[in-house]
Amino acid sequence: MNIEGRIAEVVTQSIEELSGQAPKLGQVVLQRTRKDFEGDLTLVVFPFVKLMRRSPEETARFIGDLLVEKLDEVERFNVVKGFLNLSLSNNYWLEFIRKNTGDPDFGLVKPSAMPEKGTEKPVVVEYSSPNTNKPLHLGHVRNNLLGYSVSCLLQGAGRKVVKVNLVNDRGIHICKSMLAWMRFGRGETPESTGKKGDQLVGDYYVRFESELRDQVRQLMEDEQLGEEEARREAPLMKEAQELLRRWEAGDDEVVKIWKLMNGWVYEGFDATYKRMGVDFDKIYYESDTYLLGKDTVLDGLQRKALYRKEDGSVWADLQDEKLDDKLLLRADGTSVYMTQDIGTAQLRYYDYQPELMVYVVGNEQNHHFNVLKKVLHKLDKPYAEAIYHLSYGMVELPQGKMKSREGTVVDADELMDEMEATARRMTEELGKTQDFSDAEKKELYHLIGLGALKYFILKVDPKKNMLFNPEESIDFNGNTGPFIQYTHARIRSVLRTAGKERLMRVHDFSADIELQEKEKQLIKTIYDFPGVVKEAAEEMSPARIANYVYEVAREFNQFYHDHSILNEPDKQLSDFRLCLSELTAQTIRNAMGLLGIRVPERM
RNA sequence: GGUUCCGUAGCUCAGCUGGAUAGAGCAACAGCCUUCUAAGCUGUGGGUCCCAGGUUCGAAUCCUGGCGGAAUCACCA
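Residues numbered from 1 in each chain as written. Chains lettered and ligands numbered in written order. Predicted model: local features only at pLDDT ≥ 70, side-chain atom pairs only at ≥ 80, totals over all residues. Heavy atoms only, no water.

Caption draft 1: How the structure looks around the nonpolar core. If you look at the biggest cluster of nonpolar residues, it comprises 147 residues, and the most contacted ones within it are Leu67 and Phe576. Of the residues forming this core, the biggest block, eleven residues, is contributed by helix α22 (residues 571-594). With residues near it in sequence (within four places) discarded, Leu67 still touches Ile7, Val10, Val11, Val74, Leu84 and Leu86. Val297, Leu323, Val336 and Val375 belong to the second-largest nonpolar core, a separate cluster that totals 27 residues. (Core = buried A, V, L, I, M, F, W, Y, C linked by side-chain atoms within 4.5 Å. Buried < 20%, exposed > 50% of the residue type's maximum accessible area, 1.4 Å probe, protein only. Helix = DSSP H or I, 4+ residues; strand = E, 2+ residues; numbered from the N terminus. Contact = heavy atoms within 4.5 Å.)

Caption draft 2: Inspection of the sheet that holds strand β10 (residues 326-329) at higher detail. As summarised here, the arrangement of the three strands in space is β8-β9-β10, forming an open sheet in which the pairing is antiparallel. Each edge of the sheet is formed by a strand with only one pairing partner; in this case those strands are β8 (307-308) and β10. One ladder, built from two bridges, connects β8 with strand β9 (residues 314-316); its direction is antiparallel. Counterpart to Tyr307 in the pairing with β9 is Trp315. (Pairing = 2+ DSSP bridges.)

Caption draft 3: View of the packing of helix α4 (residues 90-100) against α22. Running from N to C, α4 and α22 cross one another at 60 degrees; their axes reach a closest spacing of 9 Å. Here α4 lies oblique to α22, going by the angle between them. In the crossing of α4 with α22, the sense of the turn from one axis to the other is left-handed. Contacts from Leu94, Phe96, Ile97 and Asn100 in α4 reach Phe576, Cys579, Leu580 and Leu583 in α22. (Axes fitted to C-alpha atoms, helices over the stretch in contact; angles between N-to-C directions. Parallel < 35°, antiparallel > 145°, perpendicular 65-115°, else oblique. Left-handed = near helix turned anticlockwise from the far one by under 90°.)

Caption draft 4: Focus on helix α8 (residues 197-222). Taking 1.5 Å of rise per residue, the 26 residues of α8 would be expected to cover 38 Å, and the 38 Å separating its terminal C-alpha atoms lies within 8% of that figure. Considering only its buried residues, α8 is in contact with α6 (172-184), α7 (190-193), α9 (227-233), α10 (235-248), α11 (252-276) and α15 (412-430). (Expected span 1.5 Å × (residues − 1).)

Caption draft 5: Focus on the environment of Leu450. On the secondary structure map, Leu450 appears in helix α16 (residues 438-458). Placed 239 residues apart in sequence, Leu450 and Glu211 show a C-alpha to C-alpha distance of 37 Å. Among residues more than four places away in sequence, those in contact with Leu450 are Arg275, Met276, Met416 and Glu420.

Caption draft 6: Expanded view of the side chain of Asn557. Take Asn557: it is sitting in helix α21 (residues 542-562). Accessibility expressed as a relative area gives 14% for Asn557, which makes it buried. When residues no more than four places from it in sequence are discounted, the contact partners of Asn557 are Phe483, Thr487 and Arg490.

Shown next, in the form of structure tokens:
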């Protein structure tokens, strides 16, 4: 048992002995002592003063005496008001460093500790889920980074994770791009234009919308139609719908073009994903799942869990849930978004029997997932309760929401270009890479640029909307990814200088060391890492990790500024500091890894 | 209008299941490189934690009601 547990045990026992009544479970609260007080752990004694029938100070002193007496690790204590501040022995902290230095998995649940393969039910995490008609933008970037990081987080906490992507490859949107390409494309391909496939297809989507706008304007003028009606009546729109009908009917020519253009998009997405550093264990395509959704709905209809209206459309009655009824199949038998999601949930359950199905999807779809759960419940699906919507906030620009129509979307590829360019400029200004090869430079700028971007996005609480200002480019100083990466590189530099042989040897440094304030602070923060991973995984909040690892880096830099490591004349002390530095670097590496951010050896 | 989420320094954000005097970064100003990487460190100024009640020994945190903002309430996805 860890020290917190043992302290809590002694406290509980002694209170019970003395007052004849045990404190309630949540009443024994142990927390880190605040920096401005002496001590390591603090017990809040207010909850027991009534039981003990003594003043808070007396109660605290009583418990403090007992702890010092019973536990070797508790060396001394002081009492401030109702707060009992406990100081643990130097040896306790030194032992912690000695035990964990050199462990590459520090803070993570080791793969060996995980149950046998196949015996544990996995968590399926769906993220990204792009439409195939346009390239990825900043909103998708937040989604991808969150999804990937949450997957790492769950894995780091010992869960088995399956990362899946659900590609929305069918529907009217792709037909629009197809139509514009057929009409205006003159056989253009990614090869012939040198454009990324997703960008090319996106261009045709934009082309469609602009041509459609012209037609709509014309119709509104000529026929005096309202905008909505004009959109419906526009020839291009009708053609797009016709294309969709032909696709659903399996028309060879249409399917051929559909496959061709989707193929281009996938190549483009793959490049973007790779560059972003995210990946998937399994890719689902909506074109494969929507039919299963249809079947599931029809099956539900047969079992009278759903009902059919006179026009033939199929609905779920959600009156009991105080929600409006939800359409699941149109009168013409075609499916809607919800139908498709019923199908994918079903398929996913077949494929993995997951304990939990996480959907990383923006908060604009809160209602959708609420309804999805209710409908699955109605259909008696056992996995209805397994669905968890990890709802995240929008990325806003200073002008407000990104709008493709107003050309204010921030393209993912361009953004990464800019981040890498900034990384290059900053690094060259600082003159840090003179002895790097071209390949090393390229790699480093990628690593730093992406690190800055990822950290910037992940440090914000997922559920909150966040602001991105393209004018002020993302910072590289202060609470940023590069600052943390830099701290890691700094430590690695020291460790390199020390040399491998010495590092191996120092792992059991002598114990007889008096700890300095900055050293102790750093140790205590690192000590928290495993607990932080656990909590972050439970909350599915990478932000928790991001803010934590920043604290680690900040504290290391203070320590580094105040104390020498290799130049420390006391050999034992030098050895210890080397270990502390090594464990700090490992903590930073592992924490950043959970965010999907890599750290450099040199920068 | 109903539902959900958000509101903390000039700006961007932390603040864990209620705990001590509310913290960082940016921006501003002032310092620190003959010593292991200055993308660093130190200091100064900057707060009605949206407002009002309530619960509690104790509330930025929990509850109720306002105010402000966002999302959603589709036979779009």
